[in-house]
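Chain by chain, the residues run as shown.
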Amino acid sequence: MDKDIVLLAIESSCDETAAAVVKNGREVLSNVISSQIDLHTVYGGVVPEIASRKHVEKINQIIREALREAGLTLKEMDGIAVTYGPGLVGPLLVGVSAAKAISFATGIPLVGVHHIEGHISANYIENKELEPPFVCLVASGGHSHLVLVKDYGEYEIIGQTRDDAAGEAFDKVARAIGLGYPGGPKIDRLAKEGNAEAIHFPRAKVEENAYDFSFSGLKSAVLNYLNACGMKGEEICTADVAASFQQAVVEVLVEHSMHAVKQYGYDKFAIAGGVASNSALRLAFYERCRAEGIGFYHPSPILCTDNAAMIGTAGYYEYLRGVRSGLDLNAVPNLKLGEKV
Ligand code: KG4
Ligand code: ZN
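A short tour of the structure in this document, coming up. (Residues numbered from 1 in each chain as written. Chains lettered and ligands numbered in written order. Predicted model: local features only at pLDDT ≥ 70, side-chain atom pairs only at ≥ 80, totals over all residues. Heavy atoms only, no water.)

## Some details on the environment of Leu190
Piece 1. Note on placement: Leu190 falls in helix α6 (residues 183-191).
Piece 2. Using a relative accessible area of 15% as the deciding quantity, one classes Leu190 as buried.
Piece 3. Separated by 64 residues in the primary sequence, Leu190 and Glu126 have C-alpha atoms spaced 28 Å apart.
Piece 4. Ignoring any residue separated from it by four or fewer positions in sequence, one finds Leu190 in contact with Ile177, Leu179, Thr238, Ala239 and Ala242. (Helix = DSSP H or I, 4+ residues; strand = E, 2+ residues; numbered from the N terminus. Buried < 20%, exposed > 50% of the residue type's maximum accessible area, 1.4 Å probe, protein only. Contact = heavy atoms within 4.5 Å.)

## What to know about the pairing of strand β5 (residues 110-114)
For a regular strand, side-chain orientation follows a simple rule: the groups alternate between the two sheet faces.
Piece 1. Across the five residues of β5, five count as buried, placing the element largely inside the fold.
Piece 2. By the alternation rule, side chains of β5 split into Leu110, Gly112 and His114 and Val111 and Val113, which are all buried.
Piece 3. One ladder, built from five bridges, connects strand β4 (residues 79-85) with β5; its direction is parallel. Counted as the bridge partner of Val82 is Gly112 from β5.
Piece 4. A crossover links β4 with its parallel partner β5, the connecting element being helix α3 (residues 89-106), and its sense is right-handed. (Pairing = 2+ DSSP bridges. Right-handed = clockwise from strand over helix to strand, strands pointing away.)

## Considering the coordination of the zinc ion (ligand 2)
Piece 1. Taken together, His115 (NE2), His119 (NE2) and Asp306 (OD) make up the protein donors of the zinc ion (ligand 2), found 2.0 to 2.1 Å from the metal.
Piece 2. Around the zinc ion (ligand 2), the four donor atoms are arranged such that angles at the metal cover 95 to 136°; this shape is classified as irregular.
Piece 3. Summarised as a motif, the one-chain spacing of the donors to the zinc ion (ligand 2) is H-x3-H-x186-D. Remark: His119 and His115 occur in helix α4 (residues 115-126); sequence separation between them is four residues, near one turn of the helix. You'll find His115 and His119 in the same group, each marked buried. (Donors = N, O, S within 2.8 Å, 3.2 Å for Na, K, Ca; no water. Tetrahedral: all angles 85-135°; square planar, octahedral: opposite > 155°, others 65-115°.)

## Focus on the side chain of Asn278
Piece 1. Summarising the element assignment, Asn278 is placed in the loop between β9 (268-272) and α9 (279-292).
Piece 2. Residue classification places Asn278 among the buried residues on the basis of a relative accessible area of 5%.
Piece 3. Sequence-distant contacts of Asn278, that is, excluding residues within four places in its chain, are made with Phe170, Asp188, Gln246 and Val250.

## So, the environment of Gly295
Piece 1. In this structure, Gly295 sits in strand β10 (residues 295-297).
Piece 2. The contacts of Gly295, once residues within four sequence positions are left out, are Asp267, Lys268 and Phe269.

This is how it looks when you write it as structure tokens:
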């Protein structure tokens, strides 16, 4: 048996300060997440400056907690995996600086990890049998990507959003119907009480690429509907709006993804990112994949939203491929998947 490889992982790309210890890529020894959601709720979204300051306050404590929960010390780490992009530059810099400082002080190698690669890799943690190749839909607050996962660390983006990300649409619609931030989980909950057929909102297709997404038209349609009701003095059933909007998003995500799986001839499909924790989306994919004989994989909700365990998993496969980052590793806010800096 080869020697175990244990990584300390750090994630701070948005509003979660997170650290984890992951053994051999798929065994999570600890996964500590400190969410700043309450801090940002009053502003209706993440305020980068406030997020950075909170990360600075929290990061050392969260790293210490992750090591303590794992029952290990820094000396026992084989590497430090850290998200270096994409994300908000201030928040990213906090994690990257902490990781570099530890690496410099201890000599433990540093592995820079792509945030989206982390989201995709979250699928490996609870699905021990899952191996590439597969198609993955990554739907989060900042991204809506359809990705061919050809091998560990080998990705091809075949579709992406032309405007708003799926999670962003959830957040904006939630704000419009007075649910507050973050909108996804709130719409998910409210939609259970509504009728998804009550209002027909558009399902946007992008002419030039069948795998690309566009959610801004849908968002505008919801806003127009709310305005029109307001002008006519009609009462708005927010549960119906939530359910009908959610249904429109789910249908587009499912149709595009299944089309890709078939066209590219894959037999496995996975979802990732915050929106992947949406209950209607999970159910729709579960049923559709079962009907079509496609293996369906998804992480638990806690591993869908931002966390460091997924960074430890992605970092492990990068580590195995020999990837090591220098102490000049920098935050790259718009890092592309597959791009190495
Ligand atoms: O992956 P994530 O934690 O952060 C990014 O990398 O963006 O995703 C956050 C996004 C937010 O837009 C949030 O509203 C959405 O994921 N989200 C959901 C649900 N839970 C989180 N969207 C729909 N349904 C949910 N249950
Ligand atoms: Zn994320």
